[in-house]
Structures are given as structure tokens and as C-alpha cells.
Amino acid sequence: MPNRGKPTERIRRHHAELMERLSIMRQALDALSHGQAEKATSGLQESVHFLNDELKPHARWEEESLYPVVAELVRSYGRPTATMEVEHGILLQLFREYEKAVQDLSVATQAGQPPDEAVETVKRLGWQIDGLLSAHFSEEEEVYLELADRHMSRGDVDALLHE
Ligand SMILES: [Fe+2]
Ligand SMILES: [Fe+2]
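Residues numbered from 1 in each chain as written. Chains lettered and ligands numbered in written order. Predicted model: local features only at pLDDT ≥ 70, side-chain atom pairs only at ≥ 80, totals over all residues.

Focus: the overall build of the protein
Looking only at helices and strands, the protein features 6 helices and 0 strands. The N-to-C order of helical and strand elements in the protein reads α-α-α-α-α-α. Computed over its C-alpha atoms, the radius of gyration of the protein comes to 21 Å, more than 25% above the 15 Å expected for a compact globule of 163 residues. Principal axes of the C-alpha set define a box for the protein whose edges measure 55 × 45 × 30 Å. Evaluated residue by residue, the protein yields a buried proportion of 2% over its 163 residues. Sequence-distant contacts in the protein: of pairs separated by 6 or more residues, those separated by 24 or more amount to 43%. (Helix = DSSP H or I, 4+ residues; strand = E, 2+ residues; numbered from the N terminus. Rg over C-alpha atoms; globule rule 2.2 N^0.38 Å. Buried ≥ 20, exposed ≤ 12 C-beta atoms within 10 Å, placed from the backbone. Contact = placed C-beta atoms within 7 Å.)

Have a look at this one:
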């Protein structure tokens, strides 16, 4: 438990708890993948309540209480682009997992009927990449490129494209 004793331990633990409780949604999605829509229904509804009742207030608390303090810390000691670089690392890891899953699926397909699990893994990773990449591009465009549009000339931006 590397985070034990850190001042932020409670926030990190809350994140872990939120992810753990999101297993309601994962299980319901698994049931859907197995064609068990009826079995999934209550878990799906519970997950909607969980997102609204727990995740929404968490995000609000971060914006109102945590982020203003973090903004000061980043100005003094951090790098504003570090979060996006962490996201690049997560995406690259997903690309590797997706490549392996696609290879496994094509081997299984050539050998006959691929197992449902291999199909589900490719689907899950593909959708994860799609979702994270679309969020990542929105973050870059709405924050970084927006700043660049306001404070850089087209010539300066074009020069970056030729580096
Ligand atoms: Fe959070
Ligand atoms: Fe990027």
C-alpha cells in the first residue's frame, strides 16, 4: 500500500472505493454481453444512481475545493502539461493491450470459432481507446489549442508543425 501515510491518502482511497463500487456497472455490462439484459437491469439502474449521487458530487468537490489549491501548487512547483503526459502513457498501454488482443482474436478466428471472451476483450479495449482518445482530444482542443489560438499567430503554429 504505497499511498499509506501520504497527506492525500484519503482522496486516493476514495478514488479506489469509487472504482470498486463501479463494479456494479462492470458486472451489469458483462451480463449484457452475455445476452442477459434482464439480469443486467437493476445493476444498470444502480450504476446510473451511483454516477449521479457519488461521482457528480466528487467532481464538484474537486472543482470547488481541490483544484483551486492544486492550481497554486502547479504554478509554484508543477508542470501544467503533466496530466496530459500521464494520459499519453495510459493510451500507449491500451494500444499495446489492444494489439495483443487483436492478434489473439485473429489466431483464434483462424483456428475456428473464437471464444466469446476474446471477442469481448477486443471490444472492451477498442471502446476504451475510443472514449479516452475522444476525451483527450477535447482536453487538448478546449484548453491548449484554445490558448494557442488566442495568443499565437498561424505562422508560429505552422512552425511547430514542421519540427
Ligand atoms: Fe477525482
Ligand atoms: Fe495528445
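Picking up where we left off.
A look at the confidence of the model for the protein
Across the protein, the average pLDDT comes to 96, with 99% of residues at or above 70. Per-residue pLDDT, averaged within each element of the protein, yields its smallest value for helix 2 (residues 23-33) (95) and its largest for helix 3 (residues 37-77) (98). (pLDDT = per-residue confidence, 0-100.)

Focus on helix 5 (residues 116-151)
The end-to-end C-alpha separation of helix 5 is 51 Å, in line with the 52 Å expected for 36 residues at 1.5 Å each. The largest bend in helix 5 amounts to roughly 35 degrees and is located at L145. (Expected span 1.5 Å × (residues − 1). Bend = angle between axes of the 7 residues up to and from the residue.)

A look at the environment of H15
Here H15 is to be found in helix 1 (residues 9-21). In this structure H15 comes out as partly exposed when scored by C-beta crowding, with 13 C-beta atoms within 10 Å. When the C-alpha atoms of H15 and P2 are compared, they prove to be 15 Å apart, with 13 residues separating the residues in sequence.

What to know about the packing of helix 4 (residues 82-110) against helix 5
Axes are the key here: two packed helices are described by the angle between their axes and the distance separating the axes. Relative orientation of the contacting elements helix 4 and helix 5 amounts to 155 degrees, with a least axis distance of 9 Å. If you check the angle between helix 4 and helix 5, you find them roughly antiparallel. Crossing handedness for the pair helix 4 and helix 5: left-handed. Residues of the contact of helix 4 with helix 5, tallied by class, amount to 16 nonpolar, 4 polar and 5 charged. (Axes fitted to C-alpha atoms, helices over the stretch in contact; angles between N-to-C directions. Parallel < 35°, antiparallel > 145°, perpendicular 65-115°, else oblique. Left-handed = near helix turned anticlockwise from the far one by under 90°. Nonpolar A, V, L, I, M, F, W, Y, C, P; charged D, E, K, R; others polar.)

A closer look at the environment of Q113
When you line up the elements, Q113 lands in the loop between helix 4 and helix 5. In the structure, Q113 is positioned 108 residues away from G5 in sequence and 50 Å away in space, judged by C-alpha atoms.

So, the packing of helix 2 against helix 3
The geometry of helix 2 relative to helix 3 is characterised by a closest axis approach of 8 Å and an angle of 150 degrees between their N-to-C directions. It follows that helix 2 is roughly antiparallel to helix 3 by the angle criterion. Here the hand of the crossing between helix 2 and helix 3 comes out left-handed. Within the contact between the two elements, helix 2 uses I24, M25, Q27, A28, A31 and L32 and helix 3 uses A37, K39, A40, G43, L44, E46, S47 and F50. Class assignment of the residues belonging to the contact of helix 2 with helix 3 gives a composition of 9 nonpolar, 3 polar and 2 charged.

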